[in-house]
Amino acid sequence: MPEFDIPGLGKARMALTELARNPHASRGQEQMKTQFIESLYTEIRAARMAGHSWKKIMESIWKSGVSVRFSAGFFRKSFAEIDKRYEKETGVKALPAETRGRKKRAPSDSGARDSDI
């Protein structure tokens, strides 16, 4: 069956081609965002080593006029993956992974709660 027998087939093909050209913002641009973070790897690592937070680094990037947006979680995860890969390639230690929440206290051996009174 030739294409011209089905009305709207050409328009449907053009619409799907246009969709494929512009990937969905949440998933399709992850590779581009990761490449962006990788291109700024040295500067981001230096800022982290200087003690700056992820939020502060992201704000600094956005204030510079870059229109690429990403969440703090995506930023941390992508940087950690790039940092581990860099460690394997060069032997330079990766920055330590952050832990969330409070640190657990060591159990005390004072016995104040367990005393027999």
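A brief structural summary. Model, not experiment: these values are computed from the prediction.

### What to know about helix α5 (residues 72-90)
Helical geometry note: an α-helix holds 3.6 residues per turn, so side chains three or four residues apart project in the same direction. Helix length check: α5, at 19 residues, gives a terminal C-alpha distance of 26 Å against a target of 27 Å (1.5 Å per residue), a fit within 8%. Those residues of α5 not exposed but buried are F74, F75, S78, F79, I82 and D83. In a view along the axis of α5, the buried residues occupy a sector of 155°, so they form one face of it. For α5, the exposed residues lying more than 90 degrees away from the buried face are K84 and K88. In this fold, the buried residues of α5 make contact with α2 (30-39), α3 (41-49) and α4 (54-63).

### Observations regarding the side chain of K33
Within the secondary structure layout, K33 lies in helix α2. This buried residue, K33, is left without a salt bridge; E30 holds the nearest opposite charge, at 7.4 Å. Among the polar contacts listed, one links the side chain of K33 to the backbone oxygen of R69, at a separation of 3.0 Å.

### As for α4
For α4, the complete set of buried residues consists of W54, I57, M58 and I61. Viewed along the axis of α4, the buried residues span an arc of 100°, placing them on a single side of the element. Facing away from the buried surface of α4 by more than 90 degrees, the exposed residues are K55 and K63. Packed against the buried residues of α4 are α2, α3 and α5. Looking one or two residues beyond α4, the residue adopting positive phi is G65, at roughly 105°.

About the criteria used
Residues numbered from 1 in each chain as written. Predicted model: local features only at pLDDT ≥ 70, side-chain atom pairs only at ≥ 80, totals over all residues. Heavy atoms only, no water. Helix = DSSP H or I, 4+ residues; strand = E, 2+ residues; numbered from the N terminus. Expected span 1.5 Å × (residues − 1). Buried < 20%, exposed > 50% of the residue type's maximum accessible area, 1.4 Å probe, protein only. Arc of directions from axis to C-beta. Contact = heavy atoms within 4.5 Å. Lys, Arg positive; Asp, Glu negative; His and termini not counted. Salt bridge = Lys/Arg side-chain N within 4 Å of Asp/Glu carboxyl O. Polar contact = N/O pair within 3.5 Å; in protein donor to acceptor, adjacent residues only side chain to side chain.

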